[in-house]
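# Analysis of the macromolecular model
What follows is the residue order along each chain.
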Amino acid sequence: GFAILTKDTAIFTLPLLILVAANRLRLESGWSLATVRALFKPVGGLVIGCGTAGVLTVLPFVVTGTFDDMFDALVVYTLDYVGVVSWPQRLIFVGQMPPYLLLLAGPWAVLSSVAVFHLARSRDSGYSLLLIGWVIATVLGIVAAGRFYDHYYVAFLPVLALLVPVGLRAMRS
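Everything in this summary refers to the structure shown in the same document. Note that the structure is a prediction, hence the values are computed from the model and not measured. (Residues numbered from 1 in each chain as written. Predicted model: local features only at pLDDT ≥ 70, side-chain atom pairs only at ≥ 80, totals over all residues. Heavy atoms only, no water.)

## So, helix H4 (residues 67–82)
Along its 16 residues, H4 runs 22 Å from first to last C-alpha, staying within 8% of the 22 Å computed at 1.5 Å per residue. In the structure, H4 departs most strongly from a straight axis at alanine 73, where the bend amounts to approximately 30°. Taken together, the buried positions of H4 are Met70, Tyr81 and Val82. (Helix = DSSP H or I, 4+ residues; strand = E, 2+ residues; numbered from the N terminus. Expected span 1.5 Å × (residues − 1). Bend = angle between axes of the 7 residues up to and from the residue. Buried < 20%, exposed > 50% of the residue type's maximum accessible area, 1.4 Å probe, protein only.)

## A few points about the side chain of serine 128
Position of serine 128 among the secondary structure elements: in helix H7 (residues 125–145). Within the structure, serine 128 has its side chain in polar contact with the backbone oxygen of leucine 119 (distance 3.0 Å). Excluding anything up to four places from it in sequence, serine 128 contacts Leu119, Ser122 and Gly133. (Polar contact = N/O pair within 3.5 Å; in protein donor to acceptor, adjacent residues only side chain to side chain. Contact = heavy atoms within 4.5 Å.)

## Structural notes on the layout of surface pockets
Within this model, the second largest pocket holds a volume of roughly 390 Å³. Forming the boundary of the second largest pocket are 18 residues, of which Leu101, Ala109, Ser113, Val135 and Phe156 lie nearest the centre. In terms of residue class, the lining of the second largest pocket is built from 16 nonpolar, two polar and no charged. (1 Å grid on protein atoms, 1.4 Å probe; cavity = no way out; pocket = protein on both sides within 12 Å on 5 of 7 lines; lining within 4 Å. Points joined across faces, edges and corners; volume = space filled by probe spheres on them. Nonpolar A, V, L, I, M, F, W, Y, C, P; charged D, E, K, R; others polar.)

## Points about the packing of aromatic side chains
Applying the stated rule across the entire model yields two aromatic pairs. A cation sits over an aromatic face here: arginine 90 above tryptophan 87, 4.3 Å from the ring centre. (Phe/Tyr/Trp six-rings, centres within 6.5 Å; stacked < 30°, edge-to-face > 60°. Lys NZ or Arg CZ within 6 Å of the ring centre and 35° of its normal.)

Pasting the structure below:
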């Protein structure tokens, strides 16, 4: 919740986690009314947790009377910041991401790519959905920001750390 408030590239993570929770319940018991009702517990926990983090982050600004300044910094500035780069230019940057990541992360990028292809064919859809979805959410977050500065690619490090062993295992088998 705090990451979403302070870093616009994290905005796609919450829908991913909701999708993973829904998929896990679907795999366990199929789609039914009971499954949909059961989905409210993990999704509600995510939303309440993020909402609590949001409230705790915003509360000091409300108490000190600086909510308008915080809103300008978090919302108005962010919308101005991401609106500068046109969508065609963003698509060009997306095309440049794979070679750039290869130069930046070298073997980790290659092993992660192998892992993504392996997971896409895997039958373990819960684990695959989480990791592949995490990569997609990270790419979407960077594209939505409209800026492709080097430090934005740091968001890939946690998922690369999980994908590299999967890629090594896939190459071995």
